[in-house]
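One letter stands for each residue in the lines below.
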Amino acid sequence: MADLNDAPPAAGDPIPAFPVPVTREVDCGTAKLLPDVDRPRAVLLTVDGAPQSYVDLDEPTYLEFEYARRIAHVLDALAAPGDPLDALHLGGGALALPRYLAATRPASRQQVIEADRGLLDLVREHLPLPPDSGIEVHAADARTALEAAPEASVDVVVADVFGGSRVPAHLTSAEYAGAAARALRPGGCYVANLADSAPFTFLRGQLANYAAVFDRLCLIAEPSMLRGRRFGNAVLVASQEELPLAEIARRVAADAFPARVEHGPRLRQLIGDAQLVRDVDAVPSPEPPTGAFSVG
C-alpha cells in the first residue's frame, strides 16, 4: 500500500489561494478544483462533473455537503467533545471529513484510503494537510485496505467511496460488511454515505447486509428522500453496541437541512424482505438521474 506522506509541507509554508480553477486528468477521470467566490480559500472538488468534496482551508469544520454534515454529527456524538478517535476513512476526495475530525478531535489518528493516486497528488499539491494533522493518506483499493486492517484496530470506519457518482460493486456486499465489522473495536461504529431512490432496492439490500452483521443500525436521511420523492444520499450507521440515537437525532434535526433518524421497527419495515447481497451478485449503487449531483 503506497504511502503519500513522505514529504509533507514544511511547517509555516503558505497554503495557496485559489484565484482560478484547476483542471487535471486523474486516474478516474477529469478532476476540477473550483474556487468558491464567497469563501476565499474554499474549493469544490469534482470528478467528471460529479461533486466529490468541498474544503475550506481556513475553516475545516465547515462542511458544505449535507451528507458530510450528517456523518460529522455522528462523529460528534460517538465520544465526549475533544476525545480522540482512531479512524479509517475509505474514500479520500479532498479529505473534508478527516480535516473535520482533526480539527474537532485533535489527537485522533486517521488513515485515509483513496484508490485514485492522481487525485491524491492533486489534493496534496493544492490542498496540503498541516504536518501535525495526524492524518495519513494511502493510495490503495478500499476493500483491500479494509481487509488488511488488523482486527479490532479502529474506533470508526467512514466509507464515502464513489467511482464518479456510484459506489463500486465490491463495496456493496455482505462480505465487505463483515470485513468492516472485523476492523472495529468493541463499541466501534461504521458510517457510510449511500445514494438511492424509491423503491430503494439498492439501499434495502445494503441495510440487509449490515443488519446481518451488526446488532445496532440506523439510517439518516431527509424525509422527502425516504418518502421516495427524489434521489438522494442516506447515511448508514452500524455498531455492535447501543448507538447514541437521541444525540444523533438532536444534531441532525438542528441542521440547516434537517434529517430524520430511522431505527428499530421503522428500519426493519424499510428492509422488508430484502436479501443479503453476496460478492457474486453485488452491483454498484444506481446511477443518479441526470443533473442530480452534477456541476457544470
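What you see is a predicted model, and the numbers here were worked out from it, not measured in a lab.

Student: Go over the packing of aromatic side chains with me, naming the residues and quoting the values.
Tutor: A full pass over the atoms with the stated rule returns five aromatic pairs. Centroid distance Tyr 190 to Tyr 210: 4.9 Å. Interplanar angle 15°. Geometry classified as stacked. Placement of the pair is Tyr 190 in strand E10 (residues 184-196) and Tyr 210 in helix H6 (residues 201-211), with a sequence separation of 20 residues. One exposure class covers both Tyr 190 and Tyr 210, and it is buried. Taken together, Tyr 176, Tyr 190, Tyr 210 and Phe 214 form an aromatic cluster joined through their ring pairs. Directly above the ring of Tyr 62 sits Arg 39, whose terminal nitrogen or CZ lies 3.7 Å from the centroid.

Student: Outline the pairing of strand E8 (residues 135-139), listing residues and values.
Tutor: The buried fraction of E8 amounts to four of the five residues, a majority that puts the element mostly inside the structure. Both strand E7 (residues 109-114) and E8 contribute to a ladder of five bridges, which runs parallel. Residue Gln 111 lies in a different strand from E8, and its bridge partner there is Glu 136. Viewed along the sheet, the connection from E7 through helix H3 (residues 117-126) into E8 turns out right-handed.

Student: Could you give an account of the pattern of salt bridges, with specific residues and numbers?
Tutor: Tallied over the entire structure, the rule returns 21 salt bridges. Among the ionic pairs, Arg 69 bridges to Asp 255, the shortest N-O distance being 2.9 Å. One end of the pair, Arg 69, is in helix H1 (residues 66-77); the other, Asp 255, is in the loop between helix H8 (245-253) and strand E13 (260-263), and 186 residues separate them in sequence. Like Arg 69, the residue Asp 255 is buried in the burial classification.

Student: Explain the side chain of Arg 204 residue by residue, including any values.
Tutor: Relative to the helices and strands, Arg 204 is located in helix H6. For Arg 204, a relative accessible area of 19% puts it in the buried group. The contact partners of Arg 204, leaving out residues within four places of it in the chain, are Pro 199, Leu 270, Ile 271, Gly 272, Asp 273 and Ala 274.

Student: Please give an account of the environment of Glu 241 that cites residues and values.
Tutor: By the secondary structure assignment, Glu 241 is in the loop between strand E12 (232-239) and H8. Residue class for Glu 241 comes out partly exposed when judged on its relative accessible area of 42%. Along the primary structure Glu 241 and Cys 189 are separated by 52 residues, whereas in three dimensions their C-alpha atoms are 8.7 Å apart. Setting aside chain neighbours within four positions, we find Glu 241 in contact with Pro 186, Gly 187 and Arg 216. At 3.5 Å, the side chain of Glu 241 forms a polar contact with the backbone nitrogen of Gly 187.

Student: Please set out unusual backbone geometry residue by residue, giving values where relevant.
Tutor: Glycine aside, negative phi is the norm for most residues, and most peptide bonds take the trans geometry. Of note, the bond from Ala 198 into Pro 199 is cis; its omega dihedral lies within 30 degrees of zero at 10°. With respect to the helices, strands and loops of the structure, Pro 199 is situated in the loop between E10 and H6. Even without being glycine, Asp 48 reaches a positive phi, approximately 50°. Residue position: Asp 48 is located in the loop between strand E4 (42-47) and strand E5 (50-56). One non-glycine residue, Leu 95, adopts positive backbone phi at about 70°. In this fold, Leu 95 is placed in the loop between strand E6 (86-90) and helix H2 (96-104). Given a relative accessible area of 4%, Leu 95 falls into the buried group.

Student: So what about empty space enclosed by the protein? Which residues, and what values?
Tutor: Evaluated as defined, the whole model comprises one cavity of 30 Å³ or more. Roughly 90 Å³ of volume is contained in the largest cavity. Around the largest cavity, the lining is made up of 13 residues, and of these Ala 159, Val 167, Leu 171, Tyr 190 and Leu 194 lie nearest the centre. Broken down by secondary-structure element, the contributors of at least two residues to the lining of the largest cavity are E10 and H6. Here the lining of the largest cavity gets four residues from one element, more than from any other, and that element is E10.

Student: Just give me the short version of the nonpolar core, but keep the residues and values in it.
Tutor: By size, the foremost hydrophobic cluster in this structure holds 53 residues, and its most contacted members are Ile 71, Val 191, Ile 220 and Val 237. Looking at which element gives the most residues to this core, the answer is H1, with seven residues. Discounting chain neighbours no more than four positions away, the residues touching Ile 220 are Arg 70, Val 74, Asn 233, Ala 234, Val 235, Val 237, Ile 248, Val 252, Ala 259, Arg 260 and Val 261. Of all hydrophobic cores here, the second largest spans 45 residues; its members include Leu 146, Ala 179, Ala 192 and Tyr 210.

Calculation rules
- Residues numbered from 1 in each chain as written.
- Predicted model: local features only at pLDDT ≥ 70, side-chain atom pairs only at ≥ 80, totals over all residues.
- Heavy atoms only, no water.
- Phe/Tyr/Trp six-rings, centres within 6.5 Å; stacked < 30°, edge-to-face > 60°.
- Helix = DSSP H or I, 4+ residues; strand = E, 2+ residues; numbered from the N terminus.
- Buried < 20%, exposed > 50% of the residue type's maximum accessible area, 1.4 Å probe, protein only.
- Lys NZ or Arg CZ within 6 Å of the ring centre and 35° of its normal.
- Pairing = 2+ DSSP bridges.
- Right-handed = clockwise from strand over helix to strand, strands pointing away.
- Salt bridge = Lys/Arg side-chain N within 4 Å of Asp/Glu carboxyl O.
- Contact = heavy atoms within 4.5 Å.
- Polar contact = N/O pair within 3.5 Å; in protein donor to acceptor, adjacent residues only side chain to side chain.
- 1 Å grid on protein atoms, 1.4 Å probe; cavity = no way out; pocket = protein on both sides within 12 Å on 5 of 7 lines; lining within 4 Å.
- Points joined across faces, edges and corners; volume = space filled by probe spheres on them.
- Core = buried A, V, L, I, M, F, W, Y, C linked by side-chain atoms within 4.5 Å.

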